Amino acid sequence: MLKWLAIVLTLLIALLQYRLWLGESGLRELAEVRQRVAVLEGENQPLRDRNARLAAEVVDLKTGLDAIEERARSDIGMVRTDEQFFWVPGVAVESTGLEVNAELVGMPAPGAEGSQ
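For the structure given in this document, a descriptive report is provided here. Numbers given to residues run from 1 along each chain, matching the order in which its sequence is written. In view of the model being predicted, local features appear only for residues whose pLDDT reaches at least 70, and side-chain atom pairs are presented and counted only at 80 or more, with totals across whole chains, interfaces and linings using the full set of residues. Side-chain descriptors were evaluated using all non-hydrogen atoms of the structure, hydrogens and water having been removed beforehand.

1. Quick word on the overall build of the protein
For step 1, the next point in the chain: Secondary structure elements follow DSSP: runs of H or I of four or more residues count as helices, runs of E of two or more count as strands, with numbering from the N terminus. In terms of helices and strands, the protein carries four helices and zero strands.
For step 2, the next point in the chain: Beginning at the N terminus, the succession of helices and strands in the protein can be written as α-α-α-α.
For step 3, the next point in the chain: When the 116 residues of the protein are sorted by exposure, 9% land in the buried category.
For step 4, the next point in the chain: The criterion used for residue contact is that any of the two residues' heavy atoms lie within 4.5 Å. Taking the intrachain contacts of the protein between residues at least 6 apart in sequence as the baseline, contacts between residues at least 24 apart amount to 9%. Only protein chains enter the accessibility calculation, which uses a 1.4 Å probe; a residue whose area is less than 20% of its type maximum is buried, one above 50% is exposed, and one in between is partly exposed.

2. Here we look at the pattern of salt bridges
Two side chains of opposite charge can pair, provided their charged atoms sit close to one another.
For step 1, the next point in the chain: By definition here, a salt bridge exists when the distance from a side-chain nitrogen of Lys or Arg to a carboxyl oxygen of Asp or Glu is within 4 Å. For the structure shown, the criterion picks out one salt bridge.
For step 2, the next point in the chain: Between Glu41 and Arg48 there is a salt bridge, and its shortest N-O distance comes to 3.0 Å.

3. Comments concerning the packing of helix H2 (residues 27-63) against helix H3 (residues 65-76)
For step 1, the next point in the chain: For every element, the axis is a line fit to its C-alpha atoms; helices are fit only across the contacting stretch, and the angle between N-to-C directions ranges from 0 to 180 degrees. Packing of H2 against H3 brings their axes to within 5 Å, and their N-to-C directions diverge by 110 degrees. Classified by the interaxial angle, the pair formed by H2 and H3 is roughly perpendicular. Facing Glu57, Asp60, Leu61 and Thr63 of H2, the residues of H3 in contact are Leu65, Ala67, Ile68 and Arg71.
For step 2, the next point in the chain: The residue inventory of the contact of H2 with H3, partitioned by class, reads four nonpolar, one polar and three charged. Throughout, the term roughly parallel applies to angles under 35 degrees, roughly antiparallel to angles over 145, roughly perpendicular to angles from 65 to 115, and oblique to all others. For this classification, the nonpolar set comprises Ala, Val, Leu, Ile, Met, Phe, Trp, Tyr, Cys and Pro, the charged set comprises Asp, Glu, Lys and Arg, and every other residue, Gly included, is treated as polar.

4. Side note on H2
For step 1, the next point in the chain: Take the residue count of a helix, subtract one, and multiply by 1.5 Å to get its expected span. Look at H2: 52 Å from first C-alpha to last across 37 residues, which is about the 54 Å you get at 1.5 Å a residue.
For step 2, the next point in the chain: Two axes define the bend at a residue: one fitted to the seven residues ending there, one fitted to the seven starting there, and the bend is the angle between them. Of all the bends in H2, the greatest, near 30 degrees, is centred on Asn44, and the proline Pro46 appears no more than four residues after it.

Written out as structure tokens, the structure is:
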């Protein structure tokens, strides 16, 4: 009787070990899931960094005028009234920003002198 109980318990332990190592939801699947998680974390990290930069920029735009001025200068080429704008040939600049800025200052846009 005791011999049969030992055999049954040994078979039960072997079955449980098989399910742990090789069966469905076993250690092999756990390793695959961990690998997928690592890949997804690697893909998400640049997005998290971008979100943090955007959040910092939003806070800066809400609280400081320097960020707004910098954004206006870089995006639409704004120049203050007490500044002089020098156009350097061969440098790629958005023409729409220069045209808008030239109209605000009351000067012709670069490249527009010959068209009138």
